[in-house]
Amino acid sequence: MIHVEHVGKRYRLGQGVRHDTLRDAIAHRVRGGFLRSSGRSEQDHLWALKDVSFDVAEGEVVGVIGRNGAGKSTLLKILTRITPPTEGRVRLRGRAASLLEVGTGFHPELTGRENIYMNGAILGMTRKEIRRKFDEIVAFAEVEKFLDTPVKRYSSGMYVRLAFAVAAHLEPEILLVDEVLAVGDAAFQKKCLGKIAEVATGGRTVLFVSHNMAAVQQLASRSILLADGELIADAESSEAVATYLSDGNQRSTATNLKTKDDQFRIESIRFDESVQELGFNKPLRFDLSLSLDRSYETANIGLGIYNSLGACLVTSRSLVDGLEAGEAKLSIRILDHHLPPGDYSLSLGIHRGMESIYFAENVLSFSLSDVGVSDPLIQPYLARKRDRLGAFIPGVWEKV
Amino acid sequence: MSSKAFAAEQLIAPPTGTVPIDFRELWAYRELFGFMVWRDVSVRYKQSVFGILWALLTPLITMLIFTIIFGKLAKIPTGGIPYPIFSYAGLLPWLFFSQSMQRAALSMVAERNLLTKVYFPRLIVPMAATLAPLVDLLIASSVLFAMMFYYGLAPTPHSLYLLPLCVLWTWVTAVGVGTWLSALNVYFRDVGQLIPFLVQVWLYASPVVYPASLVPASFQWLYALNPMTGVIEGFRWALLAHGSPPGPLVLLSLSVSAALFVTGGLFFKRMERSFADVV
């Protein structure tokens, strides 16, 4: 059981930067003493969590959703005692451990076997516990042959598999799962999800943080939604997910998205709203504006369109050639998508060669109206079911 | 870690004032402590060609240099003890102290990955870092006994229990200084730059290359404020019966060590709350 009561966490902006050297700290003290009469101003602070309260019963699986920076990770860090809250309190019973530290404490010089013990101990397992689960961990990670090889010689796939295997065999009373699903190849990801489902259904108390709305709804019956550090929904998962996906109803533009490549910046992505008046199955248009510090031979840009249940209905992916340094404005039209009226959200992913430099779900959201659906028999049906229908393709039954 | 530590309801609340050190919790994490020491030791000897040879070479070569410069050229009086033995017996506790203290001081930043991702009592990190050099000390002391055999010197009978006590004292001092510096290093990376300098100055402020008796009597009490003065003099006295038996000045050194140890732990606990946010 977990009781979270009015928890808030305040970070000082630029923390860890400003006072990196003694000189700065002294300079700051001196300036503060002589030039500033009052203490630090409120503007220097950022509330990563504000007045968050919720309860989780024993054995309950609760989803935690929200956009990047909403405070999900901060919440987990407080629950695992990595960082203390600034205000409020949490009461919990049992060992709380999180799966966000996959591979933490792995030492490249140590062998796979040694790292299993080391990592297990870091995660809070006893030596006895590790010994008991050792074979299971090794089998799960599929690294039997390389047990006595230093992990620095492992492929990145093996490394991640071993790391996840240790973490997944930890048996805390309260398990906190953060986005670990994006690791390894497809087969291993499936295995990871399976393992998490096994844990989640095994009577353990689980907090499941994910951007995968389908997985959240599948595993958690209840979800909490965070936005800008505040808890804005605590409801059945389907309801919370719907709130999450529609929270940016007016958010048809996203600006200044950070990619992993400093020279490749996404200035904005915009949904052309004029399509809303155009009606059913009219082309969707998205405008992408980039700012590049150098030329890129090719970039691979993918879009995904999700319905309000979080299911991905449409994906599109295409290569853009010859991007020159400077500003680049791109536009894509998606024809014949057959999406019924409803609320949708968009994911955006950009690859440079084989390497993903950007991916985010729910970068923006948009609605499609039912203008242009002329059939009076179908119209109420589309209005009632809306985006849950997926692609809606009217057909004609013929007697044969 | 016994699950007993988690059976009771835990409260996570904003820290206020001075946080006491939770010894029960430290005890519950003793296995992690052990693993960290073991990791440091095994990694240290794994990738170097000479492996444990380094633990012998460092004090040996330093001792040779000291013997040539301070023993032969400067002719520092050692009260009848061959200079190589005199300086080597000082170097052993000194190297253990300086290495432990340095490793502890840099440990929190080195383990930042762990600190930002997993909870455990943070004190484990600098404390575990101080123990790996103990292996070096044990290896290096074999040379000392070989040298004493060569010069026909026998260790005093009471060295059997006094030497381990001196090593414990060295460790307490290293932990004290190490916890202070490691907590400061999280906030001010200058500490990392400061340490080599500190070690250099501290070496010559301790009776490693010269006996403490060379220091003018009026400065003796000031000199004894350096805990390593007491440690090294005590070490030599216990092993070779060199110098005077422990007196009030050694007590002064001892109390400085104890004060560093206690305040280091308290300071560390006080700073601990924001480690994960700052490191």
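Residues numbered from 1 in each chain as written. Chains lettered and ligands numbered in written order. Predicted model: local features only at pLDDT ≥ 70, side-chain atom pairs only at ≥ 80, totals over all residues.

Draft legend 1. Region of the structure containing the overall build of chain A. When you go through chain A residue by residue, the secondary structure sums to 10 helices and 17 strands. Burial analysis of chain A (400 residues in total) assigns 38% to the buried set. (Helix = DSSP H or I, 4+ residues; strand = E, 2+ residues; numbered from the N terminus. Buried ≥ 20, exposed ≤ 12 C-beta atoms within 10 Å, placed from the backbone.)

Draft legend 2. Region of interest: the sheet that holds strand β3 (residues 61-65) of chain A. Residue and element names in this part refer to chain A. Read across the sheet, six strands follow the order β5-β6-β7-β3-β8-β9 without closing on themselves; strand pairing throughout is mixed. Each edge of the open sheet is held by one strand with a lone partner, namely β5 (96-98) and β9 (230-236). Averaged over all pairs of adjacent strands, the angle between their axes in this sheet comes to 20°, without regard to strand direction. Summarising the sheet, β3 and strand β8 (residues 222-227) pair through four bridges and their orientation is parallel. Residue pairing across strands places Val64 opposite Ile224, the latter belonging to β8. (Pairing = 2+ DSSP bridges. Axes fitted to C-alpha atoms, helices over the stretch in contact; angles between N-to-C directions.)

Draft legend 3. Structural view of the packing of helix α9 (residues 159-187) of chain B against helix α13 (residues 248-272) of chain B. Residue and element names in this part refer to chain B. Direction vectors running N to C along α9 and α13 enclose 30°, while the axes themselves pass 8 Å from each other. With respect to α13, the element α9 is oriented roughly parallel. The handedness of the crossing between α9 and α13 comes out as left-handed. Facing α9, whose interface residues are Trp169, Val172, Thr173, Val175, Gly176, Val177, Thr179, Trp180, Ala183 and Val186, α13 presents Ser257, Leu260, Phe261, Gly264, Gly265, Phe267, Phe268 and Met271. Residue classes in the contact of α9 with α13 are distributed as 12 nonpolar, six polar and no charged. (Parallel < 35°, antiparallel > 145°, perpendicular 65-115°, else oblique. Left-handed = near helix turned anticlockwise from the far one by under 90°. Contact = placed C-beta atoms within 7 Å. Nonpolar A, V, L, I, M, F, W, Y, C, P; charged D, E, K, R; others polar.)

Draft legend 4. Main features of the interface of chain B and chain A. Contacts between the two partners involve 31 residues from chain B and, on the opposite side, 40 residues from chain A. The element best represented in the side of chain B that touches chain A is helix α3 (residues 30-46) of chain B, accounting for six residues. Each residue belonging to the side of chain B that touches chain A can be placed in one class, and the counts come to 17 nonpolar, five polar and nine charged.

Draft legend 5. Up close: helix α4 (residues 127-141) of chain A. Residue and element names in this part refer to chain A. Where α4 bends most, at Lys133, the angle is about 55°. Considered for burial, the residues of α4 that qualify are Ile130, Lys133, Ile137, Phe140 and Ala141. Its buried side turned inward, α4 meets α3 (112-123) and α5 (156-168). Phi turns positive one or two residues past the end of α4, at Glu142, with a value near 55°. (Bend = angle between axes of the 7 residues up to and from the residue.)

Draft legend 6. Representation of helix α12 (residues 227-240) of chain B in the model. Relative to the 20 Å expected for 14 residues at 1.5 Å per residue, α12(B) spans 20 Å between its end C-alpha atoms, a close match to the ideal helical length. When you tally the buried positions in α12(B), you get 14 out of 14 residues, the bulk of the element. (Expected span 1.5 Å × (residues − 1).)

Draft legend 7. Representation of the pairing of strand β12 (residues 284-292) of chain A in the model. All names here are of chain A. Here strand β11 (residues 264-271) pairs with β12 via seven bridges, running antiparallel. Residue pairing for β12: Phe264 is matched across the bridge by Leu292. Of the pairings in the sheet, the one linking β12 to strand β15 (residues 326-334) comprises nine bridges and is antiparallel in character. Bridge pairing links Leu284 to Ile334 in β15.

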